[in-house]
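Here are the chains, one letter per residue:
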Amino acid sequence: MALSIGCEESHLMFLRLFNSGISTTDLMVRDVALMFDKIFLSKHKLDLLNKRNVELLPDPLEDFPLLVDSSYPLKVEELFLQKNDFNNKTNPEAVFNRLEAMLKISLERLRMIRESVMSEKVIFRVYSSKDDFSRCGDIIRSLSLQGKLESALWLRNRMMQKSVIPDVTTHNYIINRLCRTGNMEKADWLIRQMLEFGPSPNCSTYNTFLKGYCRINDVDKALYLLSAMAKNGNWPNRVTCNILVHALCKKGLLEDAVKLLEQILEDDNGVATSDLITSTILIDSSFKSRNMEHALTLWVEMTQKCTEIDVIAYNVLINGFCLNGDMNFAYGSFCDMFKRGLLPDIFTLNTLISGLCKQRKLDEACYILKMMLIMGIGPDQLSYKMIIQALCIYGDIVRATKFLQCMLKDAMVPGPHIWNVLIDGYGRRGDVDKAFLIRDFMVEVGVTPNTFTYNALVLAEVKSGNILRAYSLKQEMLQFGLFPDVVTFNLLIGAACNFGHVQFALQLHDEMLRRGYDPDIITYTELIRGHCVGGNLKEAEELLGKVQRSGLPIDCVPYKILLKNLRRMRGPKKHLTSAKDG
């Protein structure tokens, strides 16, 4: 407020000076300089404005931290050079340039402060005492929603110091934000404060706290909190049950979830009842644990109780069938949705596409994608990604490229993963030119290649036998600020060993160690292969023994390579020995 008054007065004074009848430039420059000196540099003026600002604040907010004021400091003295003297000779044009710069900076600072204050939604007005405290609660809730917890907690403490306790809803907003950010200790402290000073936590408070512990996968503390709820007079409700059931099912504890449901939601006849959300969670968990019989039993029970089934429940059912490979049942559930008057959404169709791609039914998956356009449901990045990836895996790279073109026609820029899959597909076919063409097209549309992109290009060059070009790609990565990973080195080491360049492969291995990478079993397998190709079986055996002593997990491949070459070397010796004996 002080700054706005100062800037407003400065504009008025500046206009008056220009409209006045001052005849000499020196006098005008001196008056303007003195005016800005009073506004920006005078301590008395600043103190007066600060005092006026404080008087306008309502009592509960008088100490509210206006952080925006300290975020945009304005040092006017820095705009003037040390050699300038406004009381002596000065270049008028230079002075006006500086004054113009000061005005621009002042207006920009005023704009930033206004935007910051509006973003905080903090409006200072003079209210009656009840309105003051009501407004404080609104401010705390607004700050909590925006994630500004320090300011929200500070304002709460100020209210508490004035013997005004925010209501339980206001506290719940703060606790919700603390739990979302994973600050469970602070949330626990705030709930203890509520128990000691008020207001008493309600069921929503504990549900939010429970969900926070479940979000960080600490189900034990969530269950302990469940018992604490009853001690404090808050009996768990349906939401509490759904939170805990979902957390237990995520950990694979389906039986424990069912027992907890029966314990919490027992009616007078001792029969557990569950709503749509609870049943959906249990059905999803049953499918994921491959217990289809239990999932279908729950589904039948839910339909017999005339529960209003929604699209999410059908999505869970269809996803369960797809996970178990029962696409006929998935199609049946899809048709049943229409009979109930429910329209599938993007998740329903993506689930069907995923199930069909896993079963190599690519024609049907492509048909579902066309259906989406007819139904007015636009395919998203995931829809195209699943189909393009499946087509590339099963060798239909041409059709995958056509779907890429469809994405671009729909003004949908594919992510790096889709480009990398196509480059890898062409590389595995040995079509290096097409692989680089896709990379260039990727750059043209504004997608930056990453390490996986270059790994796919290195693989393409290696498969075509161009080791030098593959190695030059590693150097190109460094020029663009990318770093080769273990896969990059393994590809180059494998290519060098296959062509008998064992020393070059060992140099690459040393470079890996210098860059801080830990070679894996693939690295050592390729080096063992290289030693065997060069006839250095002793070095191969020593390297295998070194790997065994290092504790690195080893599969059967290094042993097979070594045994195969040992037999090959010993075969001719046996033949010569038997011929000599004869």
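Here the residue numbering is sequential within each chain, running from 1 through the sequence in written order. For a predicted model such as this one, the threshold for reporting local features is a pLDDT of at least 70, and the threshold for listing and counting side-chain atom pairs is 80 or more; totals across whole chains, interfaces and linings nevertheless cover every residue. The basis for every side-chain value is the complete set of heavy atoms in the structure, and neither hydrogens nor water enter the calculation.

1. A look at the packing of aromatic side chains
Working step 1: Any Phe, Tyr or Trp ring, taking Trp's six-membered ring, that has another such ring centre within 6.5 Å forms a pair; planes under 30 degrees apart are called stacked, those over 60 apart edge-to-face, and the others tilted. A complete count under the given rule lists eight aromatic pairs for this structure.
Working step 2: When the ring of F209 is compared with that of Y213, the centres are 4.9 Å apart and the planes differ by 50°; the resulting orientation is tilted. With a gap of four residues between them, F209 and Y213 both fall in helix 10 (residues 203-215), about one helical turn apart.
Working step 3: For Y213, a relative accessible area of 9% corresponds to the buried category. A run of DSSP states H or I qualifies as a helix once it reaches four residues; a run of E qualifies as a strand once it reaches two. Both are numbered from the N-terminal end. Under the scheme applied here, a residue whose accessible area is under 20% of the maximum for its type counts as buried, over 50% as exposed, and between as partly exposed, the area being computed with a 1.4 Å probe on protein chains only.

2. Details of the pattern of salt bridges
Working step 1: We define a salt bridge as a contact between a side-chain nitrogen of Lys or Arg and a carboxyl oxygen of Asp or Glu at a distance within 4 Å. Evaluated as defined, the whole model comprises 14 salt bridges.
Working step 2: With a shortest N-O distance of 3.5 Å, E526 and R529 are connected by a salt bridge. A residue pair is termed a helical-turn pair when its members lie 3 or 4 positions apart in one helix, as E526 and R529 do in helix 28 (residues 521-533) at three residues.
Working step 3: Taking the relative accessible area as the measure of exposure, R529 reaches 29% and is therefore partly exposed.

3. Overview of the nonpolar core
Working step 1: Buried Ala, Val, Leu, Ile, Met, Phe, Trp, Tyr and Cys residues that are joined via side-chain atoms within 4.5 Å together make up what is termed a nonpolar core. Core analysis: the biggest nonpolar cluster contains 137 residues, and L352, I353, I387 and I388 have the highest contact counts within it.
Working step 2: Per-element accounting of this core gives the leading share, eight residues, to helix 16 (residues 311-323).
Working step 3: Any two residues whose heavy atoms approach within 4.5 Å at even a single point are treated as in contact. Dropping the residues within four chain positions of it, L352 is found in contact with I318, C322, M327, A330, F334 and I368.

4. Section: the packing of helix 8 (residues 168-180) against helix 10
Working step 1: To define axes, lines are fitted to C-alpha atoms, for helices over the stretch in contact only, and angles between the resulting N-to-C directions are given on a 0 to 180 degree scale. Where helix 8 meets helix 10, the axes come as close as 9 Å, and the angle between the chain directions of the two elements is 0°. Judged by the angle between their axes, helix 8 and helix 10 are roughly parallel. Contacts between helix 8 and helix 10 pair V168, N172, I175, N176, C179 and R180 from the former with S204, T205, T208, F209, G212 and R215 from the latter.
Working step 2: Each residue is assigned to one class: nonpolar for Ala, Val, Leu, Ile, Met, Phe, Trp, Tyr, Cys and Pro, charged for Asp, Glu, Lys and Arg, and polar for all the others, Gly among them. Taken together, the residues of the contact of helix 8 with helix 10 sort by class into four nonpolar, six polar and two charged. Should an angle fall under 35 degrees it is called roughly parallel, over 145 degrees roughly antiparallel, and 65 to 115 degrees roughly perpendicular, with every other angle called oblique.

5. Examining the environment of D431
Working step 1: If you trace the backbone, D431 turns up in the loop between helix 22 (416-428) and helix 23 (432-444).
Working step 2: Taking the relative accessible area as the measure of exposure, D431 reaches 24% and is therefore partly exposed.
Working step 3: The spacing of D431 and K463 is 32 residues in sequence and 9.5 Å in space, taken between C-alpha atoms.

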